[in-house]
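# What the coordinates show
If you want the building blocks of each chain, they are given just below.
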Amino acid sequence: MKDRTLLMIPGPIEFEPAVLAALGGPTTSHLDPAFIETFGQALERMREVFGCPDGQPFILAGSGTLAMDMAGANLTEPGDRVLVVNTGYFSDRFAALLERYGAEITQVRAPVGGRPSLDEVEEKLKSNRFKFMTVTHVDTSTGVITDVQGLAALARRYETLIVVDGVCSVAGEELRMSDWGVDVALTASQKAIGVPPGLALLVAGPRAMAAFRRRTSPVRNFYADWTHWLPIMESCEARKPSYFGTPPVNLIWALNVSLGQILAEGMEARVARHRALGRACQQGIRALGLGQVPLQPEFAAHTMTAPRYPSGVNGAELLARIREAGVVLAGGLHPAIRTEYFRIGHMGAARLGDVLATIGAIETGLAACGYQFERGVGVAAAAAHYEN
Ligand code: PMP
């Protein structure tokens, strides 16, 4: 039997062979003209993927948390008021990070699996002036998607910047930075962007860059300071070598391959494919009689699914049985419900066949755990809902 599993967690994901091949190629000098060409092209492609033709892209070695840190460090000066739209674990992380930079934080929260309504957010925006607000597009701890378009419209009305943590959304969920009025969107390589972990990716729109330029105090994070990185990104786009810190050469070769694949698929087609994958997986889970963490179907993301364990089934045992059937899934993450649910990622290179294999492995696991259900109904529902 092949020692092979299907990795269906919400990042890292399964990667395209051409992306992995680029990663395994020779490491050039970071000043090599061919590498600078690749870096420059990757920056240009990021603008397209993020829907921000006049934005400033940044590519740094680091994980998604560094991308959050970069946004927080460069936009916050001590005493700045920031509104955190909180939908779970990663929104909490943003609040904790911003506090380090001296932000005065107001949070608008929802119960686990919910999301603050636009009215609740507007109440806060009316009550005070905020320099910026943060929103987690898809909180990977709950599988809840926020209404970024609606929130960005509020941000524009109340003249606050809006920073979107798109780590579990960019290149999977619809996100049109310029059209919607989003000022910063950030992600990491290992999710729907489709590159192994190690890149922090961010696009800052003109209002965010203007706010950065208006700073009167130095950025309180040496590595993430745009003062160092902006000239590097600009010179790469001008196809001129420059240096601040050594870039992760192979990861950037791989990123450019993946961004090329994403744009070849087309953003609309890609978003539609993720919608179909989300629908298939969630309908498959529902047909098996399992609940889900998002409190309403329209709160559910398309890049991931967060099913609840059925009563009487031991979560750790179920995940072990699913793994024996060849599919790797993730356990719970939100501290309030950690042992009550598990998480499935379906983004990037994922196809219907991967979702069907996953639902099939879940059926196998549930049966092994003694759960009573009609075998095959989950797979059938997933397949039936992919197309409509
Ligand atoms: N935000 C969200 C929504 C995430 O899902 C994650 C990672 N799961 C992060 C931030 C942090 O990214 P990283 O683990 O790459 O630091």
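Analysis parameters
Chains are numbered independently. Their residues run from 1 in the order of the written sequence. Totals for whole chains, interfaces and linings use all residues, but because this is a predicted model, local features are given only for residues with pLDDT of at least 70 and pairs of side-chain atoms are given and counted only at 80 or more. As a rule here, side-chain values cover all heavy atoms of the structure and leave hydrogens and water aside. The pairing criterion for strands is at least two bridges between them, as found by DSSP. A run of DSSP states H or I qualifies as a helix once it reaches four residues; a run of E qualifies as a strand once it reaches two. Both are numbered from the N-terminal end. Convention adopted: a line fitted to C-alpha atoms gives each axis, helices being fitted over their contacting stretch, and angles between N-to-C directions are expressed from 0 to 180 degrees. A contact between two residues is defined here by any heavy atoms of the two lying within 4.5 Å. Reported domain spans reflect what an automatic or database domain assignment gives. Here the quantity called buried area is the accessible surface, traced with a 1.4 Å probe, that two parts lose on coming together, added over both. Salt bridge, as applied in this entry: a Lys or Arg side-chain nitrogen positioned within 4 Å of an Asp or Glu carboxyl oxygen. We define a polar contact as two N or O atoms separated by no more than 3.5 Å, with the added condition that, inside protein, one atom must be a possible hydrogen donor and the other a possible acceptor, whereas residues neighbouring each other in sequence contribute only through side-chain atom pairs. When residues are sorted by character, Ala, Val, Leu, Ile, Met, Phe, Trp, Tyr, Cys and Pro go into the nonpolar class, Asp, Glu, Lys and Arg into the charged class, and all the rest, Gly among them, into the polar class. Put plainly, a pocket is an open set of points on a 1 Å grid over the protein atoms alone with protein on both sides within 12 Å along at least five of seven lines, a cavity is a set where a 1.4 Å probe fits but cannot get out, and a lining residue has an atom within 4 Å of a point. Grid points are joined across faces, edges and corners, and a volume is the space filled by probe spheres set on the points. Only protein chains enter the accessibility calculation, which uses a 1.4 Å probe; a residue whose area is less than 20% of its type maximum is buried, one above 50% is exposed, and one in between is partly exposed. Assignment of crossover handedness uses the view with strands pointing away from the viewer, where a clockwise path from the first strand over the helix to the second indicates a right-handed crossover. For Phe, Tyr and Trp, rings pair up if their centres lie within 6.5 Å, where Trp contributes its six-membered ring, and each pair is then called stacked (planes under 30 degrees apart), edge-to-face (over 60) or tilted (otherwise).

### So, the sheet that holds strand 5 (residues 132-136)
Taken together, 7 strands build an open sheet; the order of strands is 2-10-9-8-5-3-4 and the sheet is mixed. Looking at which strands have only one partner, the edges of the open sheet turn out to be strand 2 (56-61) and strand 4 (104-109). Neighbour-to-neighbour, the strand axes of this sheet turn through a mean angle of 20°, independent of strand direction. Examined bridge by bridge, strand 3 (residues 81-86) and strand 5 share 4 bridges and lie parallel to one another. Within strand 5, the position partnered with V82 by the bridge is F132. On the sheet, helix 4 (residues 89-100) packs against strand 3, strand 4, strand 5, strand 8 (161-165) and strand 9 (184-188) and is oriented at approximately 165° with respect to strand 3.

### So, the domain arrangement of the chain
By domain assignment, the chain separates into domain 1 (6-11 + 267-385) and domain 2 (17-265). At the interface, 30 residues of domain 1 touch 30 residues of domain 2. Between domain 1 and domain 2 lies a buried interface of about 2500 Å² when both sides are counted; carbon and sulfur atoms form 61% of it. At the junction of domain 1 with domain 2, the criterion picks out 4 salt bridges. Among the salt bridges present, the one from E265 reaches R270, with a minimum N-O distance of 2.9 Å. If you look at where domain 1 meets domain 2, you find 14 residue pairs in polar contact (both at pLDDT 80 or more). For the side of domain 1 that touches domain 2, the leading source of residues is helix 11 (residues 267-287), giving 8 residues. By residue class, the composition of the side of domain 1 that touches domain 2 is 18 nonpolar, 6 polar and 6 charged.

### Description of the layout of surface pockets
With a probe scaled to a water molecule rolled over the atoms, the places where space remains empty come into view. Looking at the largest pocket, its volume works out to about 260 Å³. Taken together, 21 residues make up the lining of the largest pocket; nearest its centre are F90, R93, V167, Q190 and K191. For the lining of the largest pocket, the secondary-structure elements that each account for two or more residues are helix 3 (64-75) and helix 4. Top contributing element to the lining of the largest pocket by residue count: helix 3, with 3 residues. If you count residues domain by domain, the lining of the largest pocket takes at least three from each of domain 1 (6-11 + 267-385) and domain 2 (17-265).

### Let's talk about the sheet that holds strand 11 (residues 304-305)
Pairing is antiparallel across the open sheet formed by 3 strands, whose spatial order is 11-14-13. At either margin of the open sheet sits one strand with a lone partner, and together these are strand 11 and strand 13 (330-331). Where strand 11 and strand 14 (residues 342-345) come together, 2 bridges link them in antiparallel fashion. Looking at the pairing, T305 lines up with I344 of strand 14.

### Brief notes about the pairing of strand 3
Taken across its 6 residues, strand 3 has 5 buried, putting it largely inside the fold. For strand 3 and strand 4, the ladder comprises 6 bridges, and the chain directions are parallel. Note that in strand 4 the partner of R81 across the bridge is E104. Assessed by its sense of winding, the connection that carries the chain from strand 3 through helix 4 to strand 4 is right-handed.

### Let's talk about the packing of aromatic side chains
Taken as a whole and assessed by the stated rule, the structure comprises 10 aromatic pairs. Seen in terms of ring centroids, F212 and W226 are 5.3 Å apart; in terms of plane orientation they differ by 75°. Their pairing is edge-to-face. You can see F212 sitting in helix 8 (residues 206-213) and its partner W226 sitting in helix 9 (residues 226-237), a full 14 residues away along the chain. A single burial state applies to F212 and to W226, both of which are buried. Pairing Y309 with F342 gives two aromatic rings, centres 5.3 Å apart and planes at 20°, and the pair type is stacked.

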